[in-house]
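Coordinate analysis (summary)
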Amino acid sequence: FCGAGFVPLTAIFAFGSCGGFSGKNIVTVLCGDGSNQTLDANFHYPFRLAQVPLVAGNATICNRSVSATHLVGDSSSAEFFVGVATVCFLYSMLALLVYLGYMHVYKDSDFGPMFDFLITASLVFLWLVCSSAWAKGLQNVKDATGTEGISSTLAVCSNLTCQVTEFASLRTLNISVIHYGEIRSLMCFNTRNCRRVFSGL
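Counting of residues starts from 1 at the beginning of each chain's written sequence and follows it residue by residue. Confidence filtering applies because this is a predicted model: local features only for residues at pLDDT of at least 70, side-chain atom pairs given and counted only at 80 or more, and all residues used for totals across whole chains, interfaces and linings. With hydrogens and water stripped out, all remaining heavy atoms of the structure feed into the side-chain values.

Going by an unreviewed UniProt entry, the protein chain carries the name Synaptophysin-like 1 and comes from Tetraodon nigroviridis. UniProt positions are given in the numbering used here, feature names are shortened, and annotations may be inferred rather than shown by experiment. In its Sequence similarities (unreviewed entry) section, the UniProt record describing the protein chain reads: "Belongs to the synaptophysin/synaptobrevin family." According to the UniProt record, the Subcellular location (unreviewed entry) comment for the protein chain reads "Membrane".

Structural data, given as structure tokens:
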């Protein structure tokens, strides 16, 4: 019951903090003659950076012709993370309904606790995997939208100085990769079911 009560909150927080994200970095190009030009690097969930235009169409930057340029990278792990969070939420709500409304049937069945234990163990494993993958994916997003990533992507930056002068707030994304949900789930998921399952062996 501990897991069924806590996991929905964790799941909602996970896909809420990640799935609704949208941010913008401002890139400043130092032209060398005392003037500057700025570019907007907009990115959002699901972080398909290769589809995000940094320079839309042919443009002139610091008197240099620049072709259409997109950010580099693709963080599909974000979708994996949100997908697993959604599945965890739906299953935990179903389990909560069973616990509250059909506990007498649940207690008298050997199949129910075993099934619940196996499904919950699988979800905890998936949560560990997707959270780890998303942590790496988030780092890739930071690298691609940072000064070094932008400079290596934008051709004009090979001769001019480019730097990100204003960063999007990644606070919610940083919080989303904290594994407190995994730790809590591992500590309390289906403790009663484990005792029932193994006591019957």
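1. Considerations on the pairing of strand β2 (residues 36-44)
Two strands are said to pair when DSSP picks up at least two bridges between them. Numbering goes from the N terminus for both helices and strands, where a helix is a DSSP run of H or I of at least four residues and a strand is a run of E of at least two. Strand direction decides the pairing type here: strand β1 (residues 22-30) and β2, joined by 9 bridges, are antiparallel. Following the sheet pairing, Leu-30 is matched in β2 by Asn-36. Between β1 and β2, which pair antiparallel one after the other, the connecting turn spans 5 residues, and Gly-32 there sits at a positive phi close to 95°.

2. What about the side chain of Thr-145?
As for its placement among the helices and strands, Thr-145 is situated in helix α4 (residues 111-145). Note on contacts: a residue pair qualifies if any of its non-hydrogen atoms lie within 4.5 Å across the two residues. Apart from the residues lying within four places of it in its own chain, the contact partners of Thr-145 are Asn-25, Phe-43, Leu-71, Ile-150 and Val-164.

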